[in-house]
Amino acid sequence: MFTHVLYVDDSGTKEYAVGTRKYGRGNSRYFVYGGVLIRIADSGRLSERLITLKLECFGDDTVEVKSDWLRIPKERKLHYLEPYGLTDEKLDIFVSDFYGAVIQTDLLLIAAVIDKVHMQEDYPPNPWYPPAVAYEILAQRVENELRGHGVATVSIDDTSGATPHGNQYSENLRRHHARLISYGSALQRGFTFTSLGPRIKLVDSARSHMIQVADLVAYNVFRQFVEHGEEWETMGLGKLPTYDYFRRIAGKFRADSRGVIQGYGVIKFPTRSRVQWARKKRKGAP
């Protein structure tokens, strides 16, 4: 019997550049899988709340919430402002309420970040494929969280395209998931998966409110690393500079008993330095 759902979406490009200095607008240095781990009942309640917010703002619960559409002015105008006759102020209120609904829900956020430059430096000449590594890291943390306490089914955004070896992304991901369940982790010898369902479900993000929540996780972590990636592993900073929307959700990331999220809720691979960035306790929290 499943107790939880893991919703997953990605941000950043999947492929390596030829040479580590050729990353930029066309091919991002970072690839991110963002995950939302939530009990099935709580997932239903959050979806209902997001439907209500969409109806109140747009009069249409089929509107797809995508973080890059909300941030990029021309996309914001094309997808939200003009079709629904909204002002920027009204859309900003919706975004604030959307984030508020997520933050108020009992859930855990987990993100796996692949630094493609460091991968190429550490694992030449053929580093592992970024989505495969990211998915395995994400699955490990879900297993660590749920083992003995629940079982999660996995729903992930259905993307098109093919890997450099010609495999379709979706089929490649299905096979990878099946291998993890059958044979355990390729990254950590002896690590088995007992808390994930045998198959993954590929979902159209436009039809899933919860995949849209995973999108905001993936995108905001991606932006955090694009803007402050070097600082993630810089010792002695004292305070991590943060992208605003990453800061808004930081308190929901999986953490250890001290609140440390590095390696627990936000996992950068490969790791160069362990800086124990911790989520800040909200006022009134015990």
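Scroll up a little and you will see the structure.
Residues numbered from 1 in each chain as written. Predicted model: local features only at pLDDT ≥ 70, side-chain atom pairs only at ≥ 80, totals over all residues. Heavy atoms only, no water.

A. The arrangement of the pattern of salt bridges in detail. Applying the stated criterion across every chain yields a total of 19 salt bridges. Residue arginine 29 is joined to aspartate 115 by a salt bridge in which the shortest nitrogen-to-oxygen separation is 3.0 Å. Note that arginine 29 is positioned in the loop between strand E1 (4–11) and strand E2 (30–39) and aspartate 115 in strand E3 (residues 107–115), a separation of 86 residues in sequence. Here aspartate 115 falls in the buried class, since its relative accessible area comes to 1%. One salt bridge connects arginine 272 with aspartate 122, and the closest N-O pair in it is separated by 2.8 Å. Linking arginine 272 in the segment after strand E6 (266–269) with aspartate 122 in helix H5 (residues 116–122), this pair joins segments that are 150 residues apart in sequence. A relative accessible area of 33% means that aspartate 122 is categorised as partly exposed. One salt-bridge network, in which partners are shared between bridges, spans Arg29, Asp115 and Glu230. (Salt bridge = Lys/Arg side-chain N within 4 Å of Asp/Glu carboxyl O. Helix = DSSP H or I, 4+ residues; strand = E, 2+ residues; numbered from the N terminus. Buried < 20%, exposed > 50% of the residue type's maximum accessible area, 1.4 Å probe, protein only.)

B. Molecular detail of empty space enclosed by the protein. Applying the stated criterion across every chain, the model contains 2 cavities of 30 Å³ or more. The calculated volume of the largest cavity comes to roughly 150 Å³. Every residue lining the largest cavity is counted, 16 residues in all, and those nearest its centre are Lys14, Tyr33, Pro131, Tyr169 and Leu173. Where the lining of the largest cavity is concerned, the elements lending two or more residues are helix H6 (130–146), strand E4 (152–157) and helix H7 (169–183). Take the lining of the largest cavity: its biggest share by element is 5 residues, from H7. A class-by-class count of the residues in the lining of the largest cavity yields 8 nonpolar, 5 polar and 3 charged. In this structure, the second largest cavity spans a volume of roughly 40 Å³. Val65, Ser67, Leu70, Arg71, Val95, Phe98, Tyr99 and Leu216 together form the lining of the second largest cavity. Elements with a minimum of two residues in the lining of the second largest cavity: helix H2 (67–71) and helix H4 (88–103). Here the residues of the lining of the second largest cavity are counted per class, giving 6 nonpolar, 1 polar and 1 charged. (1 Å grid on protein atoms, 1.4 Å probe; cavity = no way out; pocket = protein on both sides within 12 Å on 5 of 7 lines; lining within 4 Å. Points joined across faces, edges and corners; volume = space filled by probe spheres on them. Nonpolar A, V, L, I, M, F, W, Y, C, P; charged D, E, K, R; others polar.)

C. Inspection of the side chain of arginine 141 at higher detail. Relative to the assigned elements, arginine 141 resides in helix H6. Buried charge without a partner: arginine 141 forms no salt bridge, and the closest opposite charge is glutamate 136, 8.9 Å away. A polar contact is formed between the side chain of arginine 141 and the side chain of glutamine 140, at a distance of 3.1 Å. Beyond its immediate chain neighbours, meaning those up to four positions away, arginine 141 contacts Ile110, Arg254, Gly263, Tyr264 and Ile267. (Lys, Arg positive; Asp, Glu negative; His and termini not counted. Polar contact = N/O pair within 3.5 Å; in protein donor to acceptor, adjacent residues only side chain to side chain. Contact = heavy atoms within 4.5 Å.)

D. Seen up close, H4. Along its 16 residues, H4 runs 22 Å from first to last C-alpha, staying within 8% of the 22 Å computed at 1.5 Å per residue. Every buried residue of H4 is accounted for by Leu91, Phe94, Val95, Phe98, Tyr99, Gly100, Ala101 and Val102. Contact partners of the buried residues in H4: helix H1 (40–58), H2, helix H3 (73–84), E3, helix H8 (209–228) and helix H9 (244–249). (Expected span 1.5 Å × (residues − 1).)

E. Seen up close, the nonpolar core. Val36, Phe94, Val221, Phe253 and Val266 are the most contacted members of the largest nonpolar core, which has 52 residues in total. For this core, the leading source of residues is H8, giving 11 residues. The residues contacting valine 36, other than those within four sequence positions of it, are Val5, Leu6, Tyr7, Leu107, Leu108, Leu109, Met210, Val213, Ala214 and Val217. In terms of nonpolar packing, the next biggest core, distinct from the first, is built from 30 residues, Ile110, Leu138, Ala139 and Leu196 among them. (Core = buried A, V, L, I, M, F, W, Y, C linked by side-chain atoms within 4.5 Å.)

F. Quick look at the packing of aromatic side chains. One pass over the full model with this rule turns up 16 aromatic pairs. Taken together, the ring pairs in this structure connect Phe58, Trp69, Tyr80, Tyr84, Phe94 and Phe98 into an aromatic cluster. Over the ring of tryptophan 69 we find lysine 66, and its NZ or CZ is 5.6 Å from the ring centre. Across the ring face of tyrosine 99, the terminal group of arginine 248 is positioned such that the distance to the ring centre comes to 5.9 Å. (Phe/Tyr/Trp six-rings, centres within 6.5 Å; stacked < 30°, edge-to-face > 60°. Lys NZ or Arg CZ within 6 Å of the ring centre and 35° of its normal.)

G. Geometry of the sheet that holds E1. As summarised here, the arrangement of the 6 strands in space is E5-E4-E1-E2-E3-E6, forming an open sheet in which the pairing is mixed. A single partner strand is all that each edge strand has here, and the edge strands are strand E5 (196–203) and E6. Sheet twist, expressed as the mean angle between neighbouring strand axes with direction ignored, is 20 degrees. In this structure, E1 lies alongside E4, joined through 5 bridges in parallel fashion. From the neighbouring strand, histidine 4 faces E4, where its bridge partner is alanine 152. (Pairing = 2+ DSSP bridges. Axes fitted to C-alpha atoms, helices over the stretch in contact; angles between N-to-C directions.)

H. Local environment of the environment of alanine 214. Considering the arrangement of structural elements, one finds alanine 214 in helix H8. The spatial distance from the C-alpha of alanine 214 to the C-alpha of asparagine 172 is 20 Å, given a sequence separation of 42 residues. Alanine 214 has contacts with Tyr7, Val8, Asp9, Gly34 and Val36, leaving out every residue within four places of it along the chain.

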